[in-house]
Amino acid sequence: MFLSVTWATALLTGVFSALLAQRLCFPYFWKDLFYLLKVIRYGALLEFYKRTKIVTVLDRFVQQAQRIPDKTFLIFEGATYTYRQIEERSNKVAQVFEQQGTVRKGDTVAMLMSNEPDFVSVWFGLSKLGCAVAFLNTNIKSRSLLHCFNACGAKLLVVGADLLDTLQDILPNLHEDNISVWAMKNEISHPGVHSLLDKLENASPEPIPAERRSTDSLKNATLYIFTSGTTGLPKAAVITHLQSLKAAGGFWAYGGKSEDVIYTPLPLYHSAASLVGIGGTIELGATCVLKKKFSASQFWNDCRKFDVTIFQYIGELCRYLCNQPKGENEKDHKVYMGVGNGLRQDVWKEFHQRFGEIRMCELYGSTEGNLCFMNHIGKIGAVGRSNFFYKLLFKYDLVKYDLLREELVRDEQGFCQRVKKGEMGLLLSRISSQSPFFGYAGSKQLTENKLLRNVFVKGDAYFNTGDLMVEDEENFISFKDRVGDTFRWKGENVATTEVAEILGLADFIQEVNVYGVEVPGNILIILWRSTFKQQKFRLVKSGFNPSTISDPLYFLDYTEKSYIPLTDSIYESIKAGQRKL
């Protein structure tokens, strides 16, 4: 009896000691393990799709419409739309263009639409005909918009009723290029523009045969999503079925459920809202509250009204919410998770203090990139987390980068040098069959420009993210800066060269250098007039303090609707967050 008690005591002591050692030395072991198992499980599912019957995000939607036809899929401006209703509406879109004979399987078609249920219906309807769909940024105008058509080779455009007038200047060019234009509007005064809305009323809701949308490879293009180009013109990132499926698994990987109600105030022409938001809602069989535009004043009222449990964000969105006047019962809601990127540490902490311990799930990944990080632990300030097993699946490196010269640091043999833990480096992701890079449509040179070859050995190839990151001793990864001539403004990637090109049209400006400087909680663009060699790095470091910069500085005052001199008092009010930028 004594021996058995001693043995049991020793066993319990050993187990307790092991658990204690694990908590002290490997505090994230179990969370890492469970997350990794989820990643492997979803990866195995994608591999099954590739090797057996290919299943796409659209196929998953059709399956959900058959399984849960009467469940609410979308909520928009108070109206509800079931999976069955969106399925039948998208079938009508497909039937209209099938009868018109305007597009064939394999064609590229473009959409210029704001957030609304018909964005999804048109997207799915065109996809059911086997077309690749290009999402056009609604902020793009004139020359840049025409460039988008040339880049993706679209033969047809569907435009929202609220955006038709923005095409006035380029409609002749579109007709000249034989691009068929259809509007979601009944009465149209623009010559050569067809009404899609009136034809939908009489179209059949019967589905187009599934063979039309079938594909022989998940690596075939299904979408083109435009990203900001450093040349000033947008680039059409190729989005394959495989990438769409990976993005659709985001909510599930973070623990999302079919009972969730997901709030999406981001524009659907971006991958976050369309691929992660709509695709993720479909994968879960959940409900999406779609907002036409984000409103900080309406956000929490919407969340309470529709029982929202998950919301999508960009860092600026959370900052706008924190800048709202404080109200009563700010923690009175059902939201338990936010999924997005770009959340600053200070905003993150304030957001938690005001609105409760909502699990903020930061993720990192560009639209066209071949690498994704997910902060499944929830550590404030980190965009993701890595570990030994993750690095076996996804090959990436942080390498030394010279900020002054704006170039990689290479050794005597011409190879890149890895940084140490805790040091900032340029993030590169190795290109392989497991992590392919599909590039951009319309130009092989644009695709090649994003690649770095002979990085560590002769013949290797890496995707250049253009982002400076740090990986700490605990394997948490943080974003530090972006190299090149782009900056973030209200959730959009903006090319400084595009802004400079427009400003340069003014004949009284000799030379333009546009760059972003950090403002507490904001980014400010400065127009710098100079006839000397441009030194953008020095200018960025100098900031925008009028007491330390001898050149005249100007501030765009929204109340005056004009530029006014940037004084010390205005500078202090901007720092304090008292002025709108």
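These figures come from a predicted structure and were not determined experimentally. (Residues numbered from 1 in each chain as written. Predicted model: local features only at pLDDT ≥ 70, side-chain atom pairs only at ≥ 80, totals over all residues. Heavy atoms only, no water.)

## Examining the confidence of the model for the protein
Next, step 1: Taken residue by residue, the protein gives an average pLDDT of 87. The fraction at 70 or more is 86%.
Next, step 2: Residue range residues 529-534 is modelled with pLDDT below 50. Its contacts to residues more than four positions away, or to other chains, number 10 contacts. (pLDDT = per-residue confidence, 0-100. Contact = heavy atoms within 4.5 Å.)

## Brief notes about the sheet that holds strand E8 (residues 221-227)
Next, step 1: Taken in spatial order, the 8 strands line up as E7-E6-E5-E3-E4-E8-E9-E21 in an open sheet, and their pairing is mixed. Looking along the sheet, the strands with just one partner apiece sit at the ends: strand E7 (193-195) and strand E21 (440-441).
Next, step 2: Pairing analysis gives 4 bridges linking strand E5 (residues 156-159) to strand E6 (residues 180-183), with the strands arranged parallel. From the neighbouring strand, leucine 156 faces E6, where its bridge partner is serine 180. (Pairing = 2+ DSSP bridges. Helix = DSSP H or I, 4+ residues; strand = E, 2+ residues; numbered from the N terminus.)

## Observations regarding helix H3 (residues 57-67)
Each α-helix winds once per 3.6 residues, and so residues spaced three or four apart point in a common direction.
Next, step 1: Among the 11 residues in H3, 8 count as buried, and that is most of the element.
Next, step 2: Along H3, the positions that sit buried rather than exposed are Val57, Leu58, Asp59, Arg60, Phe61, Val62, Gln64 and Ala65.
Next, step 3: Looking at the buried positions of H3, the neighbouring elements they touch are helix H2 (29-51), strand E1 (72-76), helix H4 (83-100), helix H5 (117-127), helix H9 (241-248) and helix H11 (271-284). (Buried < 20%, exposed > 50% of the residue type's maximum accessible area, 1.4 Å probe, protein only.)

## Examining the sheet that holds strand E14 (residues 359-364)
Next, step 1: Ordered in space as E2-E1-E11-E10-E12-E13-E14-E15, the 8 strands form an open sheet in which the pairing is mixed. A single partner strand is all that each edge strand has here, and the edge strands are strand E2 (79-82) and strand E15 (373-374).

## Digging into the packing of H4 against H5
Next, step 1: The contact between H4 and H5 brings their axes to 7 Å, and the two run at 55 degrees. When the axes of H4 and H5 are compared, the pair comes out oblique. Note on packing geometry: the crossing formed by H4 with H5 is right-handed. Residues Ile86, Arg89, Ser90, Val93, Ala94 and Phe97 of H4 form the contact with H5, whose participating residues are Pro117, Asp118, Val120, Ser121, Val122, Phe124, Gly125 and Leu126.
Next, step 2: A breakdown of the residues in the contact of H4 with H5 according to their chemical character gives 9 nonpolar, 3 polar and 2 charged. (Axes fitted to C-alpha atoms, helices over the stretch in contact; angles between N-to-C directions. Parallel < 35°, antiparallel > 145°, perpendicular 65-115°, else oblique. Left-handed = near helix turned anticlockwise from the far one by under 90°. Nonpolar A, V, L, I, M, F, W, Y, C, P; charged D, E, K, R; others polar.)

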